[in-house]
Amino acid sequence: MAESKEKRTLFILYILGIYILFQASWWAYHLIDLNGEMYEMKSIMTGIDHSKIYQTKVWMIIGEGSIFLILLGIGFWQIKKNVSKELRLARMEKTFLLSVTHELKTPIAAVKLFLETLKTRKLQPEQSAKIIEDALKETTRLQTLSENILLATRLDQMREKVLDEDIELSEVIQQSTVRYRTLFPERKIEMKLQEKIHIKGDLQFIQAMTSNLLENALKYSPANEPIEVILKKENGVPTIEYRDFGAGIPASEKQRVFEKFYRIGNEDTRKTKGTGLGLYIVRNIVKLHGGSIEIESNIPHGSIFKITLPTTLN
């Protein structure tokens, strides 16, 4: 439905552009024709050949008309680009709302079911422990979702950067990784962290960055494949790498995955959970700290998210 509206809007825009082009060409033709008749009458009445003056006028009309059409084309292209962007953003926001609704309902329903089970049934200790563990995972999902929504809003509204905390990256990454190891004991998360690498920044933002990158790696890689988290200095610059062995990201999508609300694939058939905010948040946090992020292909398969962060901010 949204796609048909977008096509209809662009169709109307194209028709309008073609109509303006046609009218401009039509009036230019009539203006040249009118000038031709006028100078022809002048030549007959005065006996003086005005053909050179007429040719000059024709080229003047053609030149001014060409400039007008070029400016019109540039303006039309810019309007079309902005309209397409707004329509795409509106569609993505609608998808985001549907995703958030689903992401909220699922863990809430699961936690409610777990609590009702604990309340109404007598279970063995190991069964109770498993239910509590699953409930903790679902509440963590809810917490991460709410934090990401609030964080994305905060990043969008930030006007001034207050990034003056001394942060030891190895500690932050280790704490984040240990947390996810506890939540997902069946997953293998390997760490290779160089110690005593410090940066200036916002601790909450850096924690959110590491959590989102790790969650993204876990989400898009098979359960039997490891996740590698590497922290080191390259040419004196702190560098963080999150390596997974999943399906990888097509080259055409490597920049788009950082867009707000964007997710690879079709929303109706996609199996992975998410809202399209995680990598958007990561990119903006990295940018806020004066760093850079890029996606490389892992060998033999998968993705490497490589982040470089300066030790100090200008």
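Cut-off values and rules
- Residues numbered from 1 in each chain as written.
- Predicted model: local features only at pLDDT ≥ 70, side-chain atom pairs only at ≥ 80, totals over all residues.
- Heavy atoms only, no water.
- Helix = DSSP H or I, 4+ residues; strand = E, 2+ residues; numbered from the N terminus.
- Buried < 20%, exposed > 50% of the residue type's maximum accessible area, 1.4 Å probe, protein only.
- Contact = heavy atoms within 4.5 Å.
- Areas by Shrake-Rupley, 256 points an atom, 1.4 Å probe, with all protein chains shown as cover.
- Pairing = 2+ DSSP bridges.
- Salt bridge = Lys/Arg side-chain N within 4 Å of Asp/Glu carboxyl O.
- Expected span 1.5 Å × (residues − 1).
- Polar contact = N/O pair within 3.5 Å; in protein donor to acceptor, adjacent residues only side chain to side chain.
- Core = buried A, V, L, I, M, F, W, Y, C linked by side-chain atoms within 4.5 Å.
- Patch = residues over 30% accessible without salt bridge, like charges linked within 9 Å, V, L, I, M, F, W, Y side chains within 5 Å.
- Phe/Tyr/Trp six-rings, centres within 6.5 Å; stacked < 30°, edge-to-face > 60°.
- Axes fitted to C-alpha atoms, helices over the stretch in contact; angles between N-to-C directions.

K.L.:
Looking at this structure, how should I read the overall build of the protein chain?
P.N.:
Scanning the protein chain from N- to C-terminus turns up six helices and seven strands. Counting over 314 residues, the protein chain shows a buried share of 36%. In the protein chain, the share of contacts with a sequence separation of at least 24, taken over all contacts with a separation of at least 6, comes to 71%. Of the roughly 19800 Å² of accessible surface on the protein chain, a fraction of 60% belongs to carbon and sulfur atoms.

K.L.:
What's the story with the pairing of strand E5 (residues 237–243) in this structure? I'm lost.
P.N.:
Regular strands have side chains that alternate between both faces of the sheet. Across the seven residues that make up E5, a large majority, five, are buried. In the sheet, strand E4 (residues 227–234) pairs with E5 via seven bridges, with the strands oriented antiparallel. Bridge pairing links Glu-234 to Val-237 in E5. Linkage of E4 to E5, two consecutive antiparallel strands, is achieved through a turn of two residues, within which Asn-235 is found at a positive phi near 55 degrees.

K.L.:
I'm lost on helix H6 (residues 278–288) in this one. Help?
P.N.:
For the α-helix, the turn length of 3.6 residues means that residues three or four positions removed from each other point alike. Across the 11 residues that make up H6, a large majority, nine, are buried. Turning to H6, its buried residues are Gly-278, Leu-279, Tyr-280, Ile-281, Val-282, Asn-284, Ile-285, Val-286 and Leu-288. The secondary structure elements touched by the buried residues of H6 are helix H3 (125–157), helix H5 (203–219), strand E6 (292–297) and strand E7 (303–308). Following H6 by one or two positions, Gly-290 has its phi on the positive side, about 75 degrees.

K.L.:
I'm lost on the pattern of salt bridges in this one. Help?
P.N.:
When charged atoms on two side chains of opposite charge get close, those side chains can pair. Taken as a whole and assessed by the stated rule, the structure comprises eight salt bridges. Among the ionic pairs, Glu-190 bridges to Lys-188, the shortest N-O distance being 3.3 Å. We classify Lys-188 as exposed; its relative accessible area is 51%. The partner of Glu-241 in a salt bridge is Arg-243, and the shortest N-O contact between them spans 2.7 Å.

K.L.:
Got a minute to help me understand H5 in this structure?
P.N.:
The terminal C-alpha atoms of H5, which comprises 17 residues, lie 24 Å apart, in line with the 24 Å expected from a rise of 1.5 Å per residue. The buried fraction of H5 amounts to 12 of the 17 residues, a majority that puts the element mostly inside the structure. Listed in full, the buried residues belonging to H5 are Phe-205, Ile-206, Ala-208, Met-209, Thr-210, Ser-211, Asn-212, Leu-213, Leu-214, Asn-216, Ala-217 and Leu-218. The opening residue of H5 is Asp-202, an N-cap whose side-chain oxygen sits 3.0 Å from the backbone nitrogen of Gln-204.

K.L.:
Can you walk me through the side chain of Thr-239 in this structure?
P.N.:
Counting through the fold element by element, Thr-239 comes out in strand E5. Of the polar contacts made by the side chain of Thr-239, one reaches the backbone oxygen of Val-237; its length is 3.2 Å. When residues no more than four places from it in sequence are discounted, the contact partners of Thr-239 are Ile-230, Leu-231, Lys-232, Glu-234, Lys-306, Ile-307 and Thr-308.

K.L.:
I'm lost on the nonpolar core in this one. Help?
P.N.:
Nonpolar side chains tend to gather and get buried jointly when the protein is soluble and globular. Counting residues in hydrophobic clusters, the biggest one holds 42 residues, and the most contacted among them are Ile-206, Met-209, Ile-240, Ile-285, Phe-305 and Leu-309. Of all the elements in the fold, those that place two or more residues in this core are H3, helix H4 (169–183), H5, E4, E5, H6, E6 and E7. For this core, the element with the most residues is H5, which contributes eight residues. In contact with Phe-305, other than residues within four places in its own chain, are Leu-213, Asn-216, Ile-240, Glu-241, Tyr-242, Ile-249, Phe-258, Leu-279, Ile-293, Glu-294 and Ile-295.

K.L.:
Help me understand a nonpolar patch on the surface, please; the structure alone is not making it clear to me.
P.N.:
A cluster of nonpolar side chains, contributed by Phe-11, Ile-12, Tyr-14, Ile-15 and Ile-18, occupies part of the molecular surface with about 520 Å² of accessible area. For Ile-12, a relative accessible area of 53% gives the class exposed.

K.L.:
Hey, could you run me through the packing of aromatic side chains in this one?
P.N.:
The geometry of an aromatic ring pair comes down to the distance between the two centres and the angle between the two planes. As enumerated under the stated definition, the model contains two aromatic pairs in all. Residues Tyr-180 and Phe-184 carry aromatic rings whose centres are separated by 6.2 Å and whose planes lie at 5 degrees to one another, so their mutual orientation is stacked.

K.L.:
Would you take a moment to explain the sheet that holds E5 for this structure?
P.N.:
Note: strands within a sheet are paired through backbone hydrogen bonds, in either parallel or antiparallel orientation. Here we have five strands laid out as an open sheet, ordered E2-E4-E5-E7-E6, and mixed in their pairing. Looking at strand neighbours, the two that pair on one side only are strand E2 (189–193) and E6, the edges of this open sheet. Averaged over all adjacent pairs, the angle separating strand axes in this sheet is 15 degrees, with direction ignored. Two elements, E2 and E4, share five bridges in a ladder whose sense is parallel.

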